[in-house]
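Analysis of the macromolecular model
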Amino acid sequence: MPSAHFIRLRIDSALIDDEEESGMSDTGIATETQEAGEAGADQRAAVVPTQYFYPFVLVTTLFALWGFANNFTDPMVKVFKDVFAISNAQSSVVQMAFYGGYATMAIPAALFIRKFSYKAGILVGLALFATGALLSIPAANNINFWLFILGIYILTFGLAFLETTANPYILSMGPKETSTMRLNLAQAFNPMGSLSGAFIAATFVMTNMYVADFKADVNGFKHELATDAVDTPELNVLPFLKAKTRELNADANVRAYVADVGADAVNTDDALIAFREGEIESYQDMTFAEIQRHDLSLVSKTYMTLGLVVLATLVVFLIKKMPEGTSADPNDASLHLRGTLARLLKNPRYLGGVVTQMFYVGAQIMVWTFIIQYAEAELGMDNATAANHQIAALVIFLVSRFICTAFLKYVSPGKLLATLAVGGVLCTLGAIHITGMNGLYSLILVSACMSLMFPTIYGIALEGIGEDAKLGSAGLILAIVGAVWLTGFQGRILDLDRFMGTTATRGSFYLSVGCFIIIAIYGFLCRNPRSTGSTPHQLET
């Protein structure tokens, strides 16, 4: 993720639109802001007025918390695949649960905070977040994959509440003219959390897994016992991305298994299944269940720590007096559902945006989730080093986001979207057809092309539709549901031997190529703004 992972889930765009256009519909906060404004022009121009400083800091911590959860979860697809010795298709359920949870709770969360207050939405979100994270404890103790999945599903219920609430709440904490700057400042902490999550996954979990030691031994004996000399090219991995080299344990049971199966026929996935089924009695005097329990404890300790931090944050929000506010609009008792739907369904730019957003989210999830599988299957790279390359992709994504945001001053959002999508096609084709490290670098560079796609598609689709954005924004978020199946489809392709004339791993990324082609077409068709009154700079948020 996906950030989300960095995916800006504007689950209740109407809240933001309403408050910016009406000078904040939240009467409590608006009144305080107005009183503060009377103190002088300097106070009105402050990004974060003094009276909102501590509430702003508290709400901003939420951006980092959900960023951590987003990008810690992405590598868990590979971790669970190895620890439970399951297929790629089965392990991709992790992402289906994660993004499915977002989609399931999108509309309920928006309705909840419209009826109650921002603080209530945050408290519910933190409670669900902590509950899902702490479910990892019994899941690890019982070596239960589906309990992990349930925990992730519930965790993302909480993330949906937090993202729905935090964005408009931040906007309301001060003058209208600095609201965008205030939101950008808060969102700057999201990437910090995201990088932290990916870093912990790589350095604490994947580096210390016993399953990784087992796989290293299998590969070591595979090369040692091969009848034909195996020429393994040295990977020119950048020093700061290379994880510590694993020392082989030379386990006798693993050696016997490799010798029995045949070094030319053995692979690590089959070896893990053989270990799980008892064909390999033990590894370093540990059964498969004991190794599972150790490795899953690394995952659960991280989720447990995160859950405790979330609970502590919940307590702080409970005892801290926060600015009163509700997103309810007394003049908005009805969204005029029938008329709104009729207009949206007749709006090709909006409908195209929903479809395009679905394929974008699918492409992002696939690229970020399966970088690790690509590095391992195509280059023989260990999981920890592969995870470091995933972190590099996130860093490139962030840097490119700032660069692309600057380009919006000189080029229309549609043209920029089409250009980025063409770049995505070329980089993904490079990952498919270029061998060695350059192929992996091409896959990493896809992240540069994806950096501004989500908010750009979002802005183009909702441009100029006015009050219909209240319902239209929900459709763009629910597009995530449609994207989830793409991850499962790629997982099934990865379980094949070959696909589209190449290896299954490389061929599976043709799905991403197709996604970027659709995005490019949408960008080209929407290359001209709908109206002169549009504000492309709002896409930056």
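Keep in mind the model is a prediction, meaning the values are calculated, not measured.

1. Notes on the overall build of the protein
- When you go through the protein residue by residue, the secondary structure sums to 26 helices and two strands.
- By residue count, 59% of the 541 residues in the protein fall in the buried class.
- Accessible surface computed for the protein: about 21,500 Å², of which carbon and sulfur atoms make up 62%.

2. Observations regarding unusual backbone geometry
- Even without being a glycine, Ile-143 presents a positive backbone phi close to 50°.
- The residue Ile-143 is located in the loop between α9 (136-141) and α10 (145-171) in this model.
- Its identity is not glycine, yet Ala-250 carries a phi of approximately 50°, on the positive side.
- Positionally, Ala-250 belongs in the loop between α13 (210-225) and α14 (252-261).
- We classify Ala-250 as exposed; its relative accessible area is 51%.

3. Thoughts on the environment of Ala-252
- The topology assignment puts Ala-252 in helix α14.
- For Ala-252, a relative accessible area of 58% puts it in the exposed group.
- Expressed as a C-alpha distance, the spacing of Ala-252 and Gln-284, which sit 32 residues apart in the sequence, is 8.7 Å.

4. With respect to the environment of Leu-123
- Looking at the secondary structure, you find Leu-123 in helix α8 (residues 118-134).
- Distance from Leu-123 to Phe-161, taken between C-alpha atoms, is 8.9 Å for residues 38 residues apart in sequence.

5. Quick look at the side chain of Thr-487
- You can see Thr-487 is positioned in helix α24 (residues 469-494).
- We classify Thr-487 as buried; its relative accessible area is 1%.
- Apart from residues lying up to four places away in sequence, Thr-487 is in contact with Ser-92, Gln-95, Ile-365, Met-366 and Phe-370.

6. Let's talk about α10
- With 27 residues, α10 extends 40 Å between its outermost C-alpha atoms, agreeing within 8% with the 39 Å of an ideal straight helix rising 1.5 Å per residue.
- Measuring from the backbone nitrogen of Trp-146 back to the side-chain oxygen at the start of α10 gives 3.0 Å, which picks out Asn-144 as the cap.

The rules we used
Residues numbered from 1 in each chain as written. Predicted model: local features only at pLDDT ≥ 70, side-chain atom pairs only at ≥ 80, totals over all residues. Heavy atoms only, no water. Helix = DSSP H or I, 4+ residues; strand = E, 2+ residues; numbered from the N terminus. Buried < 20%, exposed > 50% of the residue type's maximum accessible area, 1.4 Å probe, protein only. Areas by Shrake-Rupley, 256 points an atom, 1.4 Å probe, with all protein chains shown as cover. Contact = heavy atoms within 4.5 Å. Expected span 1.5 Å × (residues − 1). Polar contact = N/O pair within 3.5 Å; in protein donor to acceptor, adjacent residues only side chain to side chain.

Everything listed here is a matter of coordinates, which is why it stays silent on function.
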